[in-house]
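Descriptive structure summary
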Amino acid sequence: MKAGPSQEEIRRQNLSALLRHIHLGGPASRAVLADRMGLNRSTIMALVTELATAGLVREELPRETGRAGRPSLVVRPETVSRYVFAFDVGVDYLAAARIGLGGVFLDHRETVAPGIGLHPGETAAVLADCAAEMRDTAPPGAVCVGAGAAVRGMVRHPDGLVRSAFNIGWTEEEFGEDLTRRLGPGPPVLLDNESNLGALAEHRRGAGIGCQDLIYLHGDIGIGGGVISGGRLLRGHSGYGGEVGHMLVNPRGGRPCACGSRGCLEAEAGQNALLEAACRPAGATTGRAGIRGVIDAADRGDVMARTALHTVGDWLAVGIANLINLYNPALIIFGGTLPEIYLGAAAHIRSRINTHALAASREVTRFRVCRLGDRTLLTGAAELAFTHLLADPLAHALPPSGGN
């Protein structure tokens, strides 16, 4: 007969659950926490005391109350003194943030990157310099409890090897190890694909809160997808699940893709496809501004821009219909540059989806643009960085050095 969990294991699980409630749900009284967790108040008091002693939470009076009488103390995350570093390796930019427990942005840096040609070592050096600047602005006694990075590419799970990042020219790169070394003493940097982290962020803190089955689609030069199924991130065997940008949608005469194939979803519906279909000249504005320009032109009656938007929308709808048929999601969230494309041709895209997707699956699917905007991927990287702390708070409350 298999033995049940020990008292120590139960305690550790309860500490994890309580800190997760505070981290994701925000300040709450002991009574509310007891109700949420199904524990008695004396147990909650003991757990809160342990987390407070570890410097992870504090109890204080609520900032505003609408009731008469003495208000109950609320448990708050130690947002300022316990933080993680979050990094976003984009195709044409690099971003870094210092994010406190509870998901609060405390500091932020962003710089332009040249896209293909920026060596992983150079990238790690730039991000490490950003982290050093942000560490210097942290208050005395503040502690870094983790670090996470979003990368545009195929990231092996769980070791974080970047197998391939077509749009920035990386292959078989141990980027996480390099960045960890450059950051100095502290927790290792955890890596994941940008779309997985976008899905995680929107599921926990954005448009997907409360939804257990969703797909997050992220667009820039390429298109990626992250799948939340039954409340959990669906990675696949080695972490490469969700590479929806390389779903074949146009096998006959499709556009060449950076992966070496032709007719992939990102080749037919990505940024370059839209700009070229709209006959934007070489060297014209790209990224979100370039896409916005095409959509604005379409709104003003530019026939070529409108045709380009519908053409790209057609291929995007084919990909989405396939995803609906495969995963039966309750929600699809558009992030990166895709909100502009979706909103610019929503009726056309929805019509195509209705044509291609099974009625039984599509009739329950809702569509939303990401709520976290430009902070989606950094938020997801931060949630990844908090993984170990949330799983075992007392074991990961302080780094080995005890410093920041």
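In what follows, the structure referred to is the one given above.
The structure contained in this document is the topic of the report that follows. (Residues numbered from 1 in each chain as written. Predicted model: local features only at pLDDT ≥ 70, side-chain atom pairs only at ≥ 80, totals over all residues. Heavy atoms only, no water.)

The subject of this paragraph is the sheet that holds strand β13 (residues 223–229). The strand order β14-β13-β12-β15-β16 describes an open sheet built from five strands, whose pairing is mixed. Bordering the open sheet on either side are β14 (232–233) and β16 (366–369), each of which pairs with just one other strand. Where strand β15 (residues 331–336) meets β16, four bridges bridge the pair, whose relative direction is parallel. Pairing of Ile 333 across the sheet is with Arg 368, part of β16. Docked against the sheet, helix α6 (residues 194–205) engages β12 (214–219), β13, β14 and β15, running at close to 45° with respect to β13. (Pairing = 2+ DSSP bridges. Helix = DSSP H or I, 4+ residues; strand = E, 2+ residues; numbered from the N terminus. Contact = heavy atoms within 4.5 Å. Axes fitted to C-alpha atoms, helices over the stretch in contact; angles between N-to-C directions.)

A word on the nonpolar core. Formed by 48 residues in total, the largest nonpolar core has its most connected members in Leu 18, Leu 19, Leu 56 and Val 57. In contact with Leu 56, other than residues within four places in its own chain, are Leu 19, Leu 51, Arg 76, Pro 77, Glu 78, Arg 82, Leu 101, Leu 389, Pro 393 and Ala 397. By size, the runner-up hydrophobic cluster in this structure holds 39 residues, among which are Ala 297, Leu 323, Ile 341 and Phe 367. (Core = buried A, V, L, I, M, F, W, Y, C linked by side-chain atoms within 4.5 Å. Buried < 20%, exposed > 50% of the residue type's maximum accessible area, 1.4 Å probe, protein only.)

With glycine set apart, most residues show a phi of negative sign, and most peptide bonds adopt trans. A cis amide bond links His 157 with the next residue in sequence, Pro 158, at an omega value of 10°. Tracing the chain through its elements places Pro 158 in the loop between β8 (154–155) and β9 (162–165). Of note, the phi angle at Glu 172 is positive, near 50°, even though the residue is not glycine. One non-glycine residue, Asn 328, lies in positive phi territory at about 50°. A residue is classified by how much of its surface remains accessible, and Asn 328, at 40% relative accessible area, is partly exposed.

Glancing now at the packing of aromatic side chains. One pass over the full model with this rule turns up six aromatic pairs. A centroid spacing of 5.1 Å and a plane angle of 45° characterise the contact between Trp 170 and Phe 175, whose relative ring orientation is tilted. The pair formed by Trp 170 and Phe 175 is uniform in burial state, with each residue classed as buried. Grouped by ring-pair contacts, the aromatic residues Tyr 83, Phe 85 and Phe 87 constitute a single cluster. Above the face of the Phe 105 ring, Arg 375 is positioned so that its terminal group lies 4.1 Å from the ring centre. (Phe/Tyr/Trp six-rings, centres within 6.5 Å; stacked < 30°, edge-to-face > 60°. Lys NZ or Arg CZ within 6 Å of the ring centre and 35° of its normal.)

Right, let's get into the state of the cysteines. Tallied over the full model, the rule gives zero disulfides. We note that Cys 130 lacks a disulfide partner, and the nearest cysteine sulfur, in Cys 144, lies 14 Å from it. (Disulfide = S-S within 2.5 Å.)

With that settled, the discussion passes to a nonpolar patch on the surface. A cluster of nonpolar side chains, contributed by Leu 234, Leu 326 and Tyr 327, occupies part of the molecular surface with about 290 Å² of accessible area. On the secondary structure map, Tyr 327 appears in helix α10 (residues 303–327). (Patch = residues over 30% accessible without salt bridge, like charges linked within 9 Å, V, L, I, M, F, W, Y side chains within 5 Å. Areas by Shrake-Rupley, 256 points an atom, 1.4 Å probe, with all protein chains shown as cover. Salt bridge = Lys/Arg side-chain N within 4 Å of Asp/Glu carboxyl O.)

The subject of this paragraph is the environment of Cys 144. Here Cys 144 lies in strand β7 (residues 143–151). For the pair Cys 144 and Arg 98, spaced 46 residues apart in sequence, the C-alpha to C-alpha distance is 8.9 Å.

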